[in-house]
Amino acid sequence: MTVPHPLRPARVMAEAANLILTADEANIAATPRDTVWTHRTTTLYRYRSDRRRHPVPVLLVFALINRPHVFDLRPGNSFVEFLLAEGFDVYLLDWGVPDEEDADRGLEHYVCDQLHWAVRRVLRGSGSTRVSMIGWCMGAAFTAMYAALHPRGPVANTVLLTMPFDTEGTVYRQWVTADTYDVTTLADLRVIPGHAIDWANKMLKPVGNYVTTYRRLWDQVDQGTVDREAFQSMARWVADNPPFPARAYGEWITWLYQDNRFAAGTLRLRGQRVDPARIDAAVLVVTAADDHIAPRAGTLPFLDRVGSTDVTHFDRPGGHIGLMAGSKARDRIWPDIAGWLTARSDPSPTRSTS
């Protein structure tokens, strides 16, 4: 019987602590890119490539929570890298880091202004008349809203990743019910601290976020199987929580959760009803079986509400983030997304329902 060295636990602890404390040095968002357009804190990037062969460019849209670097998490495990290798012309919209001067930004500002202007810049830069949009989490909701507001517009394809839609019965909605959660009292903060929102999201699954993650790290260090780059890149991204403009936060909580307006068909932006039935772009909805932030059951009703004649649904193992950024995403979902886009990115795509 092999007797463990008495200092082994201390060594494991020291190594695990070192991994955690130096995570901010991880190399993330490293794919070369150029700034195309900026407005206030928002920036549009175009990734450099000599492999572009699809005429329809791709615009990546993430949430206001965390940074969009998760699309380009680290060299060797980057969705951006993957799309570039597949021949796509890739753009990324970065909402930036709002401050108190941005407290007046509401959902209309992001969907009707910033996203719209970014789409126009993508079309101008690429020389295309159409665009494919890939939205993730809140970014997926923004993408769907934009497509609904612009039928017969430039949006050819929408990929909606782990999108919150029908929030009825979700834990998050129970937490922020209007009876106990008055978002108007938060307006005095001007911006909502990002770490506060991150903490709330993690508390939806506290054991997994605060215990299992670090227990797994301990075991991997102990067994000598830890992937330093994978752990640190994800840890650095997770810890980067920009502030949330108070108006946008209040509208997101009130309209999408307390009132469930998106699913109820009562959401209006700039006086226009945001009706999924008006979406005529091809639609790919991707759900994650273990998603606790945007549960699959709350996303699926969108499939029956969308007006497009070309609607596809992929369901895969994984969680809200792991679905696309986990170690198995490259094999489980990235090729399927790229294949779906490729079939709809030639000059005269033939759309079919699947």
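Before any of the text, the structure's been laid out above.
Residues numbered from 1 in each chain as written. Predicted model: local features only at pLDDT ≥ 70, side-chain atom pairs only at ≥ 80, totals over all residues. Heavy atoms only, no water.

### Examining the pattern of salt bridges
The cut-off we apply is this: Throughout this description, the term salt bridge denotes a Lys or Arg side-chain nitrogen within 4 Å of a carboxyl oxygen of Asp or Glu. For helices the rule is a DSSP run of H or I covering at least 4 residues; for strands it is a run of E covering at least 2, with both sets numbered from the N terminus onward. Three exposure classes are used, based on accessible area relative to the maximum for each residue type with a 1.4 Å probe and protein chains only: buried under 20%, partly exposed in between, and exposed over 50%.
Evaluation of the coordinates by the stated rule reveals 20 salt bridges. For Arg67, the salt bridge identified is with Asp94, shortest N-O distance 2.8 Å. Residue Arg67 is found in the loop between strand E3 (58–61) and helix H2 (79–85), and its partner Asp94 is found in strand E4 (residues 90–94); the two are separated by 27 residues along the sequence. A single burial state applies to Arg67 and to Asp94, both of which are buried. With a shortest N-O distance of 3.7 Å, Glu108 and Arg270 are connected by a salt bridge. Of the two residues, Glu108 sits in helix H3 (residues 107–126) while Arg270 sits in the loop between strand E9 (268–269) and strand E10 (272–273), which places them 162 residues apart along the sequence. Residue Glu108 is classed as buried on the basis of its relative accessible area, which comes to 18%. Among the charged side chains, a network of salt bridges with common partners joins Arg40, Asp102, Asp104 and Arg105.

### Let's talk about helix H1 (residues 8–21)
We apply this condition: The span expected for a helix works out to 1.5 Å for each residue beyond the first. As used here, the arc belongs to the directions running from the helix axis to the C-beta atoms.
The end-to-end C-alpha separation of H1 is 20 Å, in line with the 20 Å expected for 14 residues at 1.5 Å each. What H1 keeps buried is the set Val12, Ala16 and Leu19. Down the axis of H1, the buried set is contained in an arc of 55 degrees. They therefore lie on one face. In H1, the exposed positions that point more than 90 degrees away from the buried face belong to Arg11, Met13 and Leu21.

### Observations concerning the packing of H3 against helix H9 (residues 246–258)
Rules: Here an angle of 0 to 180 degrees is reported between the N-to-C directions of two axes, which are lines fitted to C-alpha atoms, with helices fitted over the stretch in contact. Working rule for angles: under 35 degrees goes down as roughly parallel, over 145 as roughly antiparallel, 65 to 115 as roughly perpendicular, anything else as oblique. In this analysis, two residues are considered to be in contact whenever any of their non-hydrogen atoms come within 4.5 Å of each other. Each residue is assigned to one class: nonpolar for Ala, Val, Leu, Ile, Met, Phe, Trp, Tyr, Cys and Pro, charged for Asp, Glu, Lys and Arg, and polar for all the others, Gly among them.
As a packed pair, H3 and H9 sit with axes 7 Å apart at the nearest point and diverge in direction by 95 degrees. Considering the angle they form, H3 stands roughly perpendicular to H9. Contact residues: H3 offers Leu107, Glu108 and Tyr110, while H9 offers Arg247, Ala248, Glu251, Trp252, Trp255 and Leu256. Here the residues of the contact of H3 with H9 are counted per class, giving 6 nonpolar, no polar and 3 charged.

### Points about the environment of Ser128
Quick note on the threshold: Identification of polar contacts relies on pairs of N or O atoms within 3.5 Å, with a donor-acceptor requirement for protein atoms, meaning one able to donate a hydrogen and the other able to accept it, and with residues adjacent in sequence counted only if both atoms are side-chain atoms.
Tracing the chain through its elements places Ser128 in the loop between H3 and strand E5 (131–136). Here Ser128 falls in the buried class, since its relative accessible area comes to 13%. C-alpha of Ser128 to C-alpha of Asp227: the two residues are 99 residues apart in sequence and 41 Å apart in space. The contacts of Ser128, once residues within four sequence positions are left out, are Pro55, Val56, Pro57 and Leu123. A polar contact of 3.4 Å, which involves the side chain of Ser128, links it to the backbone oxygen of Pro55. Polar contacts involving the side chain of Ser128 include one to the main-chain carbonyl oxygen of Arg130, which spans 2.8 Å.

### Here we look at the sheet that holds strand E12 (residues 311–316)
Condition: Two strands pair under a simple rule: DSSP has to find at least two bridges between them.
In space, the 8 strands of this open sheet follow the order E1-E2-E4-E3-E5-E6-E11-E12, with mixed pairing throughout. Each edge of the sheet is formed by a strand with only one pairing partner; in this case those strands are strand E1 (33–39) and E12. Across the sheet, the axes of successive neighbouring strands diverge by a mean angle of 20 degrees, strand direction being ignored. In this fold H3 packs onto E1, strand E2 (42–47), E3, E4 and E5, with an angle of close to 140 degrees to the strand it touches most, E1.

### Section: the packing of aromatic side chains
Quick reminder of the rule: Between 30 and 60 degrees the pair is tilted, below 30 it is stacked and above 60 it is edge-to-face, where a pair is any two Phe, Tyr or Trp rings, Trp via its six-membered ring, whose centres lie within 6.5 Å.
One pass over the structure, following the stated rule, counts 17 aromatic pairs. Geometrically, the ring pair formed by Phe79 and Trp334 is tilted, given 5.6 Å between the ring centres and 50 degrees between the ring planes. On the criterion of sequence distance, the pair formed by Phe79 in helix H2 and Trp334 in helix H15 (residues 334–342) is long-range, its members being 255 residues apart. Each member of the pair Phe79 and Trp334 is classed as buried. With a centroid separation of 6.2 Å and an interplanar angle of 65 degrees, the aromatic rings of Trp252 and Tyr257 are classed as edge-to-face.

### Quick look at unusual backbone geometry
Look at Ala29: it is not a glycine, yet its phi comes out positive at around 50 degrees. Within the secondary structure, Ala29 sits in the loop between H1 and E1. A positive phi angle is found at Arg152, which is not glycine, with a value near 60 degrees. Among the structural elements, Arg152 can be located in the loop between helix H4 (138–149) and strand E6 (155–161).

### Thoughts on the packing of H1 against helix H7 (residues 206–223)
Working note: a packed helix pair is described by the angle between its axes plus the distance between those axes. Heads up, the rule is: Here is the rule for handedness: rotate from the far helix to the near one, and if that takes an anticlockwise turn smaller than a right angle the crossing is left-handed, while a clockwise turn gives right-handed.
It is at 9 Å that the axes of H1 and H7 come closest, and there the two elements cross at 120 degrees. Classified by the angle between their axes, H1 and H7 sit oblique to one another. The chirality of how H1 crosses H7 is right-handed. Contacts between H1 and H7 pair Arg8, Pro9, Val12, Met13, Glu15, Ala16, Leu19 and Ile20 from the former with Tyr214, Leu217, Trp218, Val221 and Asp222 from the latter. For the contact of H1 with H7, the per-class residue count stands at 10 nonpolar, no polar and 3 charged.

### Some thoughts on the nonpolar core
Rule in force here: As used in this record, nonpolar core signifies buried Ala, Val, Leu, Ile, Met, Phe, Trp, Tyr and Cys residues forming a set joined through side-chain atoms within 4.5 Å.
In this structure, Leu59, Ile134 and Phe142 are the most contacted members of the largest nonpolar core, which totals 99 residues. The leading source of residues in this core is H4, at 10 residues. When near neighbours in sequence (up to four residues on either side) are disregarded, Leu59 contacts Leu44, Tyr91, Leu92, Leu93, Leu115, Val119, Val122, Val131, Ser132, Met133 and Ile134. Counting 6 residues, the second largest nonpolar core, distinct from the first, contains Val12, Ala16, Leu19 and Leu217.

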